[in-house]
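What the coordinates show
Here's the letter readout for the chains.
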Amino acid sequence: MKDIADLLRHHPFAEGLDEETLALIAGCAKNVVLQPGDYLHREGAAADSFYLVRHGAVALETFVPGRGAFTFLTVKSGEILGADWLIPPYRSSFDARVVELTRAISFDGKCLRGKCEADPRVGYEMMKRFIPPLVKRLQSARMQALGMYDAANA
Amino acid sequence: MAKADEAAAIITVEGLQDLLQAIRAGGYRAIGPTVQNQAIVYDDIESVEDLPRGWTDEQDGGRYRLAKRDDDALFGYSVGPQSWKKFLHAPKLRLWTAERDGETASVTPEPSPTDRLAFIGVRACDIRAIEIQDRVLVGDLYVDPHYKALRERALIVAVNCGQAGGTCFCVSMHAGPRVEQGFDLALTELLDGTEQIFLVETGSDEGRALLAQVPHRLASSREVEAVEAVIEGAASSMGREMRSDDLNELLMSNLEHPRWDEVATRCLSCTNCTLVCPTCFCTSVEDTSDLSGERAERWRRWDSCFTMDFSYIHGGSVRASAKSRYRQWMTHKLATWIDQFGSSGCVGCGRCITWCPVGIDITEEVRAIRGCDTSAGDWP
Amino acid sequence: MPPTLKACTPPPYPMAPSMTPVTRFIRESAEVFTFDLAPERATPFTPGQFNMLYAFGVGEIPISISGAADAPDRLTHTIRAVGPVSAALGRLKAGDQVGLRGPFGVGWPVEEAKGFDVLLIGGGIGLAPLRPAIYWLLRHRAAYGRVGVLYGARTPDDLIFVSELEEWRKTPDFQLRVAVERAGPEWTGDVGYVTPLLSKLRYDPADAIAMICGPEVMIRATALALEDAGIADSRIFVSMERNMKCAIGHCGHCQFGPLFICKDGPVHRYDRVRDLLAYREL
């Protein structure tokens, strides 16, 4: 069986990461298999982990009374899931529901934060990997918030 | 209609009257300058008595006044508010009528006009303007049948300018004051205190045939020189000037120039400039139906890029600000027109300056933008 | 039959529509409907071209053709009811008549794209003008490299051409990703904006042509993302919209800088419009 560092090495998140850092952060990681309908986290709960999705799909959703759950983003193979573990008070801001059988690498947020604090070089490597997808999601979220498909004409 | 191609002739005022009669007898509706509503207005004329004898105009930004001359010149003004486009490219035109017959309907296009229009007293700038509208309305794949029908039959009797108006800048646009082409006959009025005569150049077979019906004599070299002096006098007394060789690059590289904001504080978006402009061609259509819903029509009318509706797409107007609308008009006229139709859309007639209620001056706006070309990193 | 760019002999009265029967009417979603017209004469067109459609007594609007270009005896249009004319067109039924002028403009570069990987990205009703190109690519599949379609819509209820999306999803050698902006739990597809899905398509950016149709903000974002992915700006094509009264370059309404959307477009090469797109209210 492949060890966790090996799984990590094959995820786009770890691309270009040196072996030493890889081994270091692997110490905070574990392999998880998630079933459809499982929730990785719930809105308001402690955000103590984040995930690198290897295969599968997770829906980020929020529940609107009387209207049900709304998904606003799906996270799929090769992507990262979870940002709330990065900033105090480490609290999840929405639900994360597994849509299909999902294999992921789960990180202990507190463990990883500790390693980043201890070695700013590791912290910087991590930030370089977190910020781009988060900024891209912010850009997409803006477009979604504008609801501009309404402005399209044939 | 081509360039003047032979020795010029001389006719008298009586000869001009004969010429008008010959034109009308030839089946033309003669249209020329008249004095109406304290302005020079192009309208139907029957004789030289309808022409604005002894009148001239004083023009400046936002200002137009008729004034008496101290002579009897028939063409002693520059240009009035209207151009010939109101005849060739009608302000309002029914395009077709549709009738329902049970489940089906049929559309009947408005027949192309058969009128033969004779334009008397067309200035060089306005000939250039007609040529520019030709390029837009009949010069591409699709042809405006109404314009084409009138244009093909139109007779053009041009007049060289003996004086420039206060807002004229045709010299800057290389559109005048000398009538160079595009006419059947071209007149130059010569007044020396005792004699009032017209030097006539012919530019087409039809023009030559008309001249042949009118008493005339060959022009003397002194008269030809006098005409040169008259035109030179007009050319050297332009009320405005504007460097025009680099306008496409200048304006399109200054689309965010602060001057657009500044002019927007003055511009009323009244659309006057577009209506008096002899080349502005934009139109809108209005679809109507009668109360029974059995009969429908489509009308075309002049439109202006200064209105909000002009650029409306679902959700709102693309050009919601006065700034963007003024910028559209001026950049189209002076810059993008060149990309679209191979020439500037401006002929330097000055009407947009004269008839702007707040006196916005296109030549001054260009100067202001040129004065601090922001594309050169020269922000104020 | 090769695509025809423009009518060879324009009609003598180019502003007069031909009253043309509706032969089929389909409701796509709450706001969107599709109908077929049976023109009197066979009307060949290039995918991406548009017609002017006249609702009797109400008015006329430009609508891209949304059907297959290999059936010139049928002109299909897909329309969202947003104004008086489109709403009137939405009340028609088979047997009624629509005034037809067209086809007009420059369409998608389906001929130039031969041999290339082709990406088609549509947002909202912007999928409709792309559909003739999709049909064209499917019909001449062997002439093209990899083909990928991305389609973004507001919600699953707003999707158009739903049954065809299912067919395309099952079509071998044809990539389709659909993203909605929000969805309930019953939706198992992608949720999010359409541009991030580009990274999910397989194509060679050095050898790809992209065609985009949708709201202008989406066009700008998507074209930049395609450039970032390595596709040359001269190989990106965008379909644009402006007010249009005549479709023949005479009314002046559709100007976009030096371009007339009606005759220089509606499909424009991105490198020729990218600088203009940067200016507000141009």
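Description of the overall build of chain A
A count of helices and strands for chain A gives four helices and six strands. The order of α-helices and β-strands along chain A, N terminus first, is α-α-β-β-β-β-β-β-α-α. On C-alpha atoms alone, chain A measures out to a radius of gyration of 17 Å, which is about the 15 Å that the 2.2 N^0.38 rule sets for 154 residues. In terms of overall dimensions, chain A has a C-alpha envelope of 50 × 35 × 30 Å along the principal axes. Counting the 154 residues in chain A, one finds 34% classified as buried. Put simply, 73% of the contacts in chain A that link residues at least 6 apart link residues at least 24 apart.

Comments concerning the overall build of chain B
A tally of regular secondary structure across chain B gives twelve helices and 16 strands. In terms of overall dimensions, chain B is globule-like: its C-alpha atoms have a radius of gyration of 22 Å, near the 21 Å expected for 380 residues. Taken over the C-alpha atoms alone, chain B extends approximately 65 × 65 × 35 Å along its principal axes. A total of 380 residues make up chain B; the buried ones form 47% of that total. Across chain B, the fraction of contacts at a sequence separation of at least 24, relative to all contacts at a separation of at least 6, is 72%.

A few points about helix α3 (residues 124–137) of chain B
Residue and element names in this part refer to chain B. For α3, spanning 14 residues, the distance from its first C-alpha to its last is 20 Å, which sits close to the expected 20 Å at 1.5 Å a residue. In terms of burial, α3 is largely enclosed, as eleven of its 14 residues are buried. Taken as a whole, α3 has its buried residues at Ala124, Cys125, Asp126, Ile127, Arg128, Ala129, Ile130, Ile132, Gln133, Val136 and Leu137. On the buried face of α3, the contacting elements are α2 (85–88), β8 (117–122), α4 (145–153), β9 (155–159) and α10 (322–341).

Focus: the interface of chain C and chain A
Listed as interface residues are 34 residues of chain C and, on the opposing side, 22 residues of chain A. At the level of secondary structure, the elements contributing two or more residues to the side of chain C that touches chain A comprise β4 (59–64), β5 (75–80), α2 (127–139), β8 (147–153), β10 (190–191) and α4 (216–228) of chain C. Here the side of chain C that touches chain A is composed, by residue class, of 16 nonpolar, twelve polar and six charged.

Re the packing of helix α8 (residues 258–266) of chain B against α10(B)
Residues and elements named next belong to chain B. Remark: α8 packs on α10, axes separated minimally by 8 Å, with the N-to-C direction vectors making an angle of 105°. Relative to α10, α8 is oriented roughly perpendicular. Where α8 abuts α10, its residues Trp260, Asp261, Val263 and Ala264 lie against Ala322, Lys323, Tyr326 and Arg327. Its residues assigned to classes, the contact of α8 with α10 shows five nonpolar, no polar and three charged.

A word on the sheet that holds β4(C)
Residue and element names in this part refer to chain C. With respect to topology, six strands assemble into an open sheet ordered β4-β3-β6-β1-β2-β5, the strand pairing being antiparallel. Both outer strands of the open sheet, β4 and β5, are each paired with one neighbouring strand and no more. Averaged over neighbouring strand pairs, the angle between their axes works out to 40° when direction is ignored. The pairing of strand β1 (residues 18–27) with strand β6 (residues 97–104) spans four bridges and is antiparallel.

Here's the deal with the interface of chain C and chain B
Contacts between the two partners involve 34 residues from chain C, matched on the other side by 43 residues from chain B. Put simply, the parts of the chain that give the side of chain C that touches chain B at least two residues each are β4 and β6 of chain C.

Focus on the sheet that holds strand β11 (residues 196–202) of chain B
Residues and elements named next belong to chain B. Taken in spatial order, the eight strands of this open sheet run β3-β2-β8-β9-β10-β11-β1-β12, and their pairing is mixed. Both outer strands of the open sheet, β3 (39–44) and β12 (217–218), are each paired with one neighbouring strand and no more. For strand β1 (residues 9–12) and β12, the ladder comprises two bridges, and the chain directions are antiparallel. Paired with Ala9 across the strands is Leu218, a residue of β12. In this fold helix α1 (residues 13–25) packs onto β1, β2 (29–36), β8, β9 and β11, with an angle of close to 95° to the strand it touches most, β1. Across the sheet, helix α5 (residues 205–212) lies against β1, β9, β10 (185–191) and β11, angled at about 145° from β11, the strand it touches most.

Regarding the environment of B:Val366
All names here are of chain B. Along the chain, Val366 falls in helix α12 (residues 362–371). Residues Val366 and Val122, spaced 244 residues apart in sequence, show a C-alpha to C-alpha distance of 27 Å. Each residue touching Val366, except ones within four places of it in the same chain, is listed here: Met242 and Leu247.

Overview of the domain arrangement of chain B
All names here are of chain B. Domain annotation of chain B identifies domain 1 (9–235) and domain 2 (247–374). For domain 1 and domain 2, the distance between their C-alpha centroids amounts to 25 Å. Contacts between the two partners involve 38 residues from domain 1 and, on the opposite side, 33 residues from domain 2. For the side of domain 1 that touches domain 2, the elements supplying multiple residues, two or more each, are β5 (63–68), β6 (92–101) and α3.

Concerning helix α4 (residues 120–146) of chain A
Compared with an ideal rise of 1.5 Å per residue, which puts 27 residues at 39 Å, α4(A) spans 38 Å between its outermost C-alpha atoms and is within 8% of the ideal. Those residues of α4(A) not exposed but buried are A:Glu125, A:Met126, A:Arg137, A:Ser140, A:Met143 and A:Gln144. The secondary structure elements touched by the buried residues of α4(A) are α2 (19–26), β4 (68–76) and α3 (109–118) of chain A together with α4 of chain C. One or two positions beyond α4(A), positive phi appears at A:Gly147, with a value near 60°.

Comments concerning the packing of α3(A) against α4(A)
Angle between the axes and distance between the axes: these two values describe a pair of packed helices. Residues and elements named next belong to chain A. With their axes 5 Å apart at the nearest point, α3 and α4 run at an angle of 120° to one another. If you check the angle between α3 and α4, you find them oblique. Along the contact surface, α3 presents Lys115, Cys116 and Glu117, while α4 presents Val122, Gly123 and Met126. Of the residues that constitute the contact of α3 with α4, the class distribution is three nonpolar, one polar and two charged.

Some words on the environment of B:Gly348
Residue and element names in this part refer to chain B. Here Gly348 is to be found in the loop between α10 and α11 (351–354). Between the alpha carbons of Gly348 and Ile127 there is a distance of 12 Å; along the sequence they are 221 residues apart. Not counting residues up to four positions away in its chain, the partners in contact with Gly348 are Cys125, Cys168, Phe169, Cys170, Ser172, Met173, Ala175 and Gly176.

Looking at the pairing of β10(B)
Two faces make up the sheet, and in a regular strand the side chains alternate between them. Residues and elements named next belong to chain B. For β10, a buried count of five out of seven residues is recorded, marking the element as mostly surrounded by other parts of the structure. Examined bridge by bridge, β9 and β10 share three bridges and lie parallel to one another. From the neighbouring strand, Val159 faces β10, where its bridge partner is Leu187. In textbook terms, the turn of a hairpin is the stretch between consecutive antiparallel strands, and for β10 and β11 this stretch comprises four residues, one of which, Gly193, has a positive phi near 95°.

Structural notes on unusual backbone geometry
Here the amide bond leading from A:Pro88 into A:Pro89 is cis, since omega sits at 5°, within 30 degrees of zero. Locating A:Pro89 in the fold gives a position in the loop between β5 (80–81) and β6 (95–108). In this structure, C:Pro103 follows C:Gly102 across a cis peptide bond, with omega equal to 0°. With respect to the secondary-structure elements, C:Pro103 resides in strand β6. The backbone of B:Asn37 sits at a positive phi, close to 50°, despite the residue not being glycine. Examined against the element boundaries, B:Asn37 turns out to sit in the loop between β2 and β3.

The rules behind each value
Residues numbered from 1 in each chain as written. Chains lettered and ligands numbered in written order. Predicted model: local features only at pLDDT ≥ 70, side-chain atom pairs only at ≥ 80, totals over all residues. Helix = DSSP H or I, 4+ residues; strand = E, 2+ residues; numbered from the N terminus. Rg over C-alpha atoms; globule rule 2.2 N^0.38 Å. Buried ≥ 20, exposed ≤ 12 C-beta atoms within 10 Å, placed from the backbone. Contact = placed C-beta atoms within 7 Å. Expected span 1.5 Å × (residues − 1). Nonpolar A, V, L, I, M, F, W, Y, C, P; charged D, E, K, R; others polar. Axes fitted to C-alpha atoms, helices over the stretch in contact; angles between N-to-C directions. Parallel < 35°, antiparallel > 145°, perpendicular 65-115°, else oblique. Pairing = 2+ DSSP bridges. Domains from an automatic or database assignment.

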